[in-house]
Amino acid sequence: ACDQGSFGAGCAGKCACSNGGRCDPVTGACSCAPGWRGKKCDRPCQDGHFGPNCALVCTCHSDFTNETFALTSTDFYSTRCYSVTLICSCPAGWAGPDCRTPCPPRQMGTGLREA
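Conventions adopted
Residues numbered from 1 in each chain as written. Predicted model: local features only at pLDDT ≥ 70, side-chain atom pairs only at ≥ 80, totals over all residues. Heavy atoms only, no water. Helix = DSSP H or I, 4+ residues; strand = E, 2+ residues; numbered from the N terminus. Buried < 20%, exposed > 50% of the residue type's maximum accessible area, 1.4 Å probe, protein only. Contact = heavy atoms within 4.5 Å. Areas by Shrake-Rupley, 256 points an atom, 1.4 Å probe, with all protein chains shown as cover. Disulfide = S-S within 2.5 Å. UniProt positions renumbered as here; feature names shortened; annotations may be inferred. Polar contact = N/O pair within 3.5 Å; in protein donor to acceptor, adjacent residues only side chain to side chain.

Draft legend 1. Just the overall build of the protein, in detail. Across its full length, the protein carries zero helices and 14 strands. Along the protein, helices and strands appear, N-terminal first, in the series β-β-β-β-β-β-β-β-β-β-β-β-β-β. Residue burial in the protein is summarised as follows: out of 115 residues, 28% are buried. Within the protein, contacts between residues separated by at least 24 positions form 15% of all contacts whose residues are at least 6 apart in sequence. As presented, the protein carries roughly 7,500 Å² of accessible surface, and 55% of it is formed by carbon and sulfur atoms.

Draft legend 2. Representation of the state of the cysteines. This model, assessed by the stated rule, comprises five disulfides. With a sulfur-sulfur separation of 2.1 Å, C17 is cross-linked through a disulfide to C30. Of note, the bridge from C17 to C30 carries an S-S torsion of about -100 degrees and is left-handed in sense. Of this pair, C17 sits in the loop between β2 (13-14) and β3 (22-23) while C30 sits in strand β4 (residues 30-31); the two residues are 13 residues apart in sequence, bridging distant segments of the chain. The partner cysteine of C32 in its disulfide is C41, sulfur to sulfur 2.2 Å.

Draft legend 3. Examining the UniProt feature "domain: EGF-like" (unreviewed entry) in the protein more closely. Summarizing the sequence annotation, UniProt attributes the feature "domain: EGF-like" (unreviewed entry) to residues 30-41 in the numbering used throughout. Taken as a whole, residues 30-41 contains 0% helix and 33% strand, while its terminal C-alpha atoms sit 7 Å from one another.

Draft legend 4. Representation of the side chain of S6 in the model. In this structure, S6 sits in strand β1 (residues 6-7). Beyond its immediate sequence surroundings of up to four residues, S6 is in contact with C11, G13, K14, C15 and P25.

Draft legend 5. The environment of G51, seen in detail. On the secondary structure map, G51 appears in the loop between β7 (49-50) and β8 (56-57). Each C-alpha atom of the pair G51 and P34 lies 4.3 Å from the other, and the pair is 17 residues apart in sequence. Excluding residues that lie within four positions of it along the chain, G51 makes contacts with P34, G35, C45 and L56.

Draft legend 6. Just unusual backbone geometry, in detail. For N19, which is not glycine, the phi dihedral falls at a positive 55 degrees. Within the secondary structure, N19 is located in the loop between β2 and β3.

Draft legend 7. Here's a closer look at the environment of T27. Topologically, T27 is positioned in the loop between β3 and β4. Residue classification places T27 among the exposed residues on the basis of a relative accessible area of 53%. A distance of 3.1 Å separates the side chain of T27 from the backbone nitrogen of A29, its partner in a polar contact.

Below, the structure written as structure tokens:
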């Protein structure tokens with residue numbers, strides 16, 4: 001068997017896996033670490049997904065159309081989940097691990113920074 005980082009006959013092939021991806025010692029195909037995808041594991045999961053094979057869906061709250069907060073076409077902000085850290089990026093005025101906590105008056109965004 002080849003050492004990690006090489007593959008194929010005589011272990012002559014050099015693996016091109018990135019971001020903690022593991023290389024198949026026979027074929028050189030990459031098996032990506034959770035949060036990554038692509039032939040070389042060089043692309044993060046698509047927005048809203050994470051985990052092995054990017055198969056899991058993030059729990060960031062994204063329905064900000066209610067009586068306490070209404071989005072308009074001019075201030076649209078999509079809540080995002082970063083596929084590697086699983087941290088939600090909340091729109092201004094919202095906080096918490098899932099962006100469901102309204103900020104107190106005069107404070108905005110993740111970490112409740114002073115407005």
